[in-house]
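Residues per chain, in single letters:
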Amino acid sequence: MTHGDGEGRPSTDRESPVGEPVIRGDPAVLGDRAREAVEFDPDDPASLELAAETVGAFADNTAGGEDNVFMLRGAAACAALVRGEGSYKAAAARAGEHVTVSFIRKWSRVHDLPRSIRRHVATGEIAPTAAKHVARVAGEARLHLAWSILDHGMTVRQVRSVASAVNDGADVESALARQGITLGEIELQLPPDRYCELRQRASLHGDSPGALVADALETAFEGDRP
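Let us look at the structure shown here.

### Thoughts on the environment of F58
And then number 1: Position of F58 among the secondary structure elements: in helix α2 (residues 45-59).
And then number 2: Take F58: its relative accessible area is 7%, and that puts it in the buried class.
And then number 3: C-alpha separation for the pair F58 and V99, spaced 41 residues apart in sequence, amounts to 9.2 Å.

Take a look at the structure:
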């Protein structure tokens, strides 16, 4: 499996099959809880029925409350049900009268986020309610928004505001700036010797530490690109 578009750009969408518990079933991410992972196969009638039941319970908020893993399971069930039934409307109808098309659409989009983001949703570093708004944004802007949540502790309200601004035509950097957040700003903890060397070289070259780190990462990442 690749983790980009073949041209060096990171993936911004799901690459694994719909309903497959790639993150939910990964012990490296969730430890023993990975055993609880359920796969929803949109081509299997029995699995699709389980997905419908899971979505119905999820919509009633009886699938685990605010538990991140259960919410990801609900999102997976939504996406599998949509794939199996062929539309958001049909999926909502299959799940029950209390399940809306809007609910199905929002959580299906969370399931369709790239693995790099879903991993942080599973561990609780990105709240599922914030992930819903990240999923509203397309392309690399959704990555920028997700990483800004991690680096700046954004609230769900801030995430929603940025997502809305981007969808209204603003670029993500400007939308983040309106929330007092600088895109690309990250706090790093370096070993003392590396810290000293970075500062020494930056001073002697007349560059900022950030510029030197960016150059070093460009060189390091270049070997991973096709």
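### Quick word on helix α6 (residues 115-122)
And then number 1: If you check which residues of α6 are buried, you get I117, R118, H120, V121 and A122.
And then number 2: On its buried face, α6 is in contact with α1 (27-30), α3 (68-85), α5 (101-111), α7 (128-134) and α8 (140-152).
And then number 3: Of the residues flanking the end of α6, it is G124, one or two places downstream, whose phi is positive at about 90 degrees.

### Observations regarding a nonpolar patch on the surface
And then number 1: The grouping of I186, L188, L190 and Y195 at the surface amounts to a nonpolar patch, some 390 Å² of accessible area in total.
And then number 2: The topology assignment puts L188 in the loop between α10 (172-177) and α11 (192-205).

### Examining the side chain of H133
And then number 1: Considering the arrangement of structural elements, one finds H133 in helix α7.
And then number 2: Take H133: its relative accessible area is 14%, and that puts it in the buried class.
And then number 3: The residues touching H133, leaving out its near neighbours within four places in the chain, are V156, V159, R160 and A163.

### Comments concerning α5
And then number 1: Within α5, the full set of buried residues consists of F103, I104, W107, S108, V110 and H111. Buried positions in α5, seen along its axis, are confined to an arc of 150 degrees and lie on one side of it.
And then number 2: The secondary structure elements touched by the buried residues of α5 are α2, α3, α4 (88-95), α6 and α7.

### What about empty space enclosed by the protein?
And then number 1: Considering all chains together, one arrives at one cavity of 30 Å³ or more under this definition.
And then number 2: Put simply, the largest cavity is a space of about 80 Å³.
And then number 3: Lining of the largest cavity is provided by R14, E20, P21, V22, I23, R24, L72, A76, H111 and R118.
And then number 4: Of the residues contributing to the lining of the largest cavity, the split by class is five nonpolar, one polar and four charged.

About the thresholds
Residues numbered from 1 in each chain as written. Predicted model: local features only at pLDDT ≥ 70, side-chain atom pairs only at ≥ 80, totals over all residues. Heavy atoms only, no water. Helix = DSSP H or I, 4+ residues; strand = E, 2+ residues; numbered from the N terminus. Buried < 20%, exposed > 50% of the residue type's maximum accessible area, 1.4 Å probe, protein only. Contact = heavy atoms within 4.5 Å. Patch = residues over 30% accessible without salt bridge, like charges linked within 9 Å, V, L, I, M, F, W, Y side chains within 5 Å. Areas by Shrake-Rupley, 256 points an atom, 1.4 Å probe, with all protein chains shown as cover. Salt bridge = Lys/Arg side-chain N within 4 Å of Asp/Glu carboxyl O. Arc of directions from axis to C-beta. 1 Å grid on protein atoms, 1.4 Å probe; cavity = no way out; pocket = protein on both sides within 12 Å on 5 of 7 lines; lining within 4 Å. Points joined across faces, edges and corners; volume = space filled by probe spheres on them. Nonpolar A, V, L, I, M, F, W, Y, C, P; charged D, E, K, R; others polar.

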